[in-house]
Every structure is written in C-alpha cells, then in structure tokens.
Amino acid sequence: MADKKAVVVCLNPAIDQTGSLQKLEVGELNRVHSDNTIPGGKGVNVASVLSQIGAEVTLTGFIGADNAEMFEQMFMQHGITDEMLRVEGSNRTNLKLTDADGQLTEINFSGFTLPASTLDKLGQLLSGLARTHKTFIFSGSLPNGVSAIRLAGWIHFLVMQGKTVVFDASGDAFDKGVKALPSMVKPNLYELSGWIGKPLTSEAEVLQHGAEIAALGIKDVVVSCGAQGVLWLRNGEWMRSIPPEVNVVNSVGAGDTLVAGLCWGKINSWSQSKTLKFSTALAAHAVSEAGVEIPEAVLLRKLVTQTTVKPV
Ligand SMILES: O=P(O)(O)OC[C@H]1O[C@](O)(CO)[C@@H](O)[C@@H]1O
C-alpha cells in the first residue's frame with residue numbers, strides 16, 4: 001500500500017482577491033463587476049488539491065496570525081494537518097484581474113517580514129517531519145527575511161536524507177533552489193525565461209534550457225506552457241501533454257494544480273505518461289473555474305480521456 005503522505009511547504013501564503021472587469025485600462029479608473037476572495041498562495045493551493053485527490057497532507061511554512069482564519073477554515077474543510085508557524089502580521093492580499101477576453105493581470109505583493117528566529121523553528125519542524133515523511137513540496141515565493149540560500153539549505157537537507165523534493169518557485173529562489181538538486185522542478189515559461197535571463201523565442205529554446213536544468217542533476221524537469229500543454233524531461237527524453245480545450249474562467253492556481261497532480265503520480269509510483277495525463281487534465285479543469293476545487297470523478301475521467309500525451 002503506497003504511503004499517501006506529503007508535506008507541503010508554503011512560506012508566503014496569499015489571499016487571492018479576484019476582480020472581473022470588461023477591459024483593464026492601465027492608468028484609468030477601473031470598476032469590477034464581480035469579485036471573489038479566497039485563501040491561496042502556491043503551497044496552500046498545492047496542499048488543497050493534493051488533499052482533495054486523496055493525499056494525507058501536512059502543510060507547514062509561515063502564516064500571518066492576523067488574518068489566518070480564512071486559511072484555517074479551508075485546512076479543516078480539506079483535512080489538511082496544519083503545521084504552519086504563526087508569525088506576527090497579516091498574510092498579503094494578491095490582486096487578480098480578469099477581463100472579458102479571458103486575460104489575467106496579477107499583482108502579487110511581497111508578504112510579511114520574518115524575524116531570523118522563526119527560520120530556525122521551521123528548520124526544526126522540517127527535520128522532525130523528515131522522520132515520518134518521504135515527499136516534500138516547496139512551492140511559491142519567499143517572504144521578506146527568508147533568503148534564497150536559506151530555502152536552498154532546507155531543500156538540500158531533505159535531498160541529503162533521500163527525500164523526494166518537488167520544487168516550484170521563481171526568480172532568485174528558483175535559481176538557488178535548483179542548485180540544491182530537488183527531484184522535480186516545474187517552471188512555467190515565464191520562470192524559465194527568468195532563469196536564463198532572456199525571453200524564450202521558440203520551443204527549441206524551451207527544450208534546450210529545460211535540458212540545462214536537468215544537466216545540473218535534476219531527474220524530472222517539467223515546463224508548463226499554458227494552453228500549449230506541458231513538457232516533461234526525464235532520462236533525456238521529453239514527453240508532451242496537450243490539454244483538452246476548456247472555457248477559460250480563471251487560470252490562477254492552474255500551475256499549482258498541475259504540481260499537485262504530478263506529486264500524486266509520484267506518491268502512487270504511476271508511469272510518467274499516466275501522471276502527465278492526469279495532472280494536465282486536472283490543471284485544465286482548474287482553468288475553467290475560479291479556485292482550485294477538483295472536478296467530480298466523471299468529469300475528471302472525461303478530461304483525462306481528452307488529454308493527449310506523446311513523445312516530443
Ligand atoms: O508566491 P508567489 O509567486 O507570489 O505566487 C502567489 C500567487 O500564486 C498563486 O498561488 C497561483 O499560482 C496564487 O494563489 C497566489 O496569489
């Protein structure tokens with residue numbers, strides 16, 4: 001019986017405030033016609049999806065004590081074990097603006113500032129969790145006070161103990177984190193282009209730079225390419241998935257849903273193609289609704305059937 005346990009590390013949760021408007025006019029007054037506010041942040045979303053699929057999820061990291069209730073309710077609803085360290089202050093609110101053409105504009109804030117003493121506490125917590133868990137997922141940006149080097153240190157510590165570490169971040173955090181050699185990384189095109197320091201102009205470039213990441217010593221490099229699907233490099237071979245066409249409502253959290261699906265495949269020791277199909281279908285569904293609720297079984301099966309996977 002596979003061990004269904006996973007630890008998700010979210011260092012910088014966010015409340016996602018989404019507003020829908022006809023057209024975003026930069027520099028003008030914009031009025032939204034509908035809105036919603038939900039608990040989010042990359043690790044929080046991954047934990048939510050993983051627990052809905054059936055994993056036993058422990059969520060750790062940091063959470064601002066002043067507005068933690070919305071998160072706590074969601075953790076309870078999904079049966080997530082809450083090992084988040086409470087820190088002084090509020091979690092950030094990130095703005096997501098969607099327009100009538102389905103275009104998404106995101107404004108992500110930097111989050112709370114952590115004192116150095118809290119970082120040591122997380123290190124101790126991770127080392128305790130490493131005694132009972134083998135799968136760890138680090139997802140999302142760093143709040144003020146957490147250096148990318150510190151993040152890389154946590155990843156390195158777990159890798160050295162033979163843990164499976166899945167890693168999804170951007171900028172300096174991604175750059176330093178990949179050097180700690182996690183088992184799997186999942187940049188999107190924007191993050192990959194940030195890593196190489198220039199725009200990506202063709203798929204050949206995506207494949208080339210993805211291979212450079214793998215050459216550092218990373219077993220699985222997954223690049224999410226939005227509606228174009230997902231590319232996954234393992235053992236020198238690229239595989240591609242093409243998602244079914246869906247009605248785009250809100251793509252916030254789709255990448256996190258993909259990460260959760262990939263982890264679920266790892267937890268269950270599924271083949272690469274089964275994992276890719278499943279996680280792509282799950283992410284396609286996430287795009288078709290606000291939030292990261294998974295579809296009911298019949299719809300999920302349909303989306304999986306409509307997703308194609310083939311070698312590149
Ligand atoms: O930690 P970052 O990179 O600022 O991203 C946080 C944002 O990403 C999301 O997790 C979606 O991927 C949102 O819920 C959140 O607002």
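Values in this document were obtained by computation on a predicted structure and should not be read as measured data.

## Looking at the environment of T275
Here T275 shows up in helix α9 (residues 272–287). Residue T275 is classed as buried on the basis of its relative accessible area, which comes to 2%. Along the primary structure T275 and A214 are separated by 61 residues, whereas in three dimensions their C-alpha atoms are 19 Å apart.

## Re the packing of helix α1 (residues 42–53) against helix α2 (residues 69–78)
Following both chains from N to C, one finds α1 and α2 inclined at 20°, their axes separated by 9 Å at the closest point. With respect to α2, the element α1 is oriented roughly parallel. In this structure, the crossing between α1 and α2 has a hand that is left-handed. Residue-level inspection shows V44, S48, S51 and Q52 of α1 in contact with α2, the latter providing F71, M74, F75 and H78. Residues belonging to the contact of α1 with α2 are distributed by class as follows: 4 nonpolar, 4 polar and no charged.

## Quick word on the site of the ligand
For the ligand, the set of nearby residues contains 15 residues, the closest of which are D16, R92, N94, S141 and D256. Contact distances for the ligand include 2.9 Å between an oxygen atom and a backbone N or O atom of K42. Note that an oxygen atom of the ligand is positioned 2.8 Å from one of the side-chain N or O atoms of N94. Its free accessible area being 400 Å², the ligand has 91% of it covered by the protein chains. Mapped onto the shell around the ligand, the elements with two or more residues apiece are β2 (14–20), α1 and β6 (92–98). If one sorts the elements of the shell around the ligand by residue count, β6 sits on top with 3 residues.

Cut-off values and rules
Residues numbered from 1 in each chain as written. Predicted model: local features only at pLDDT ≥ 70, side-chain atom pairs only at ≥ 80, totals over all residues. Heavy atoms only, no water. Helix = DSSP H or I, 4+ residues; strand = E, 2+ residues; numbered from the N terminus. Buried < 20%, exposed > 50% of the residue type's maximum accessible area, 1.4 Å probe, protein only. Axes fitted to C-alpha atoms, helices over the stretch in contact; angles between N-to-C directions. Parallel < 35°, antiparallel > 145°, perpendicular 65-115°, else oblique. Left-handed = near helix turned anticlockwise from the far one by under 90°. Contact = heavy atoms within 4.5 Å. Nonpolar A, V, L, I, M, F, W, Y, C, P; charged D, E, K, R; others polar. Near = heavy atom within 4 Å. Polar contact = N/O pair within 3.5 Å; in protein donor to acceptor, adjacent residues only side chain to side chain. Areas by Shrake-Rupley, 256 points an atom, 1.4 Å probe, with all protein chains shown as cover.

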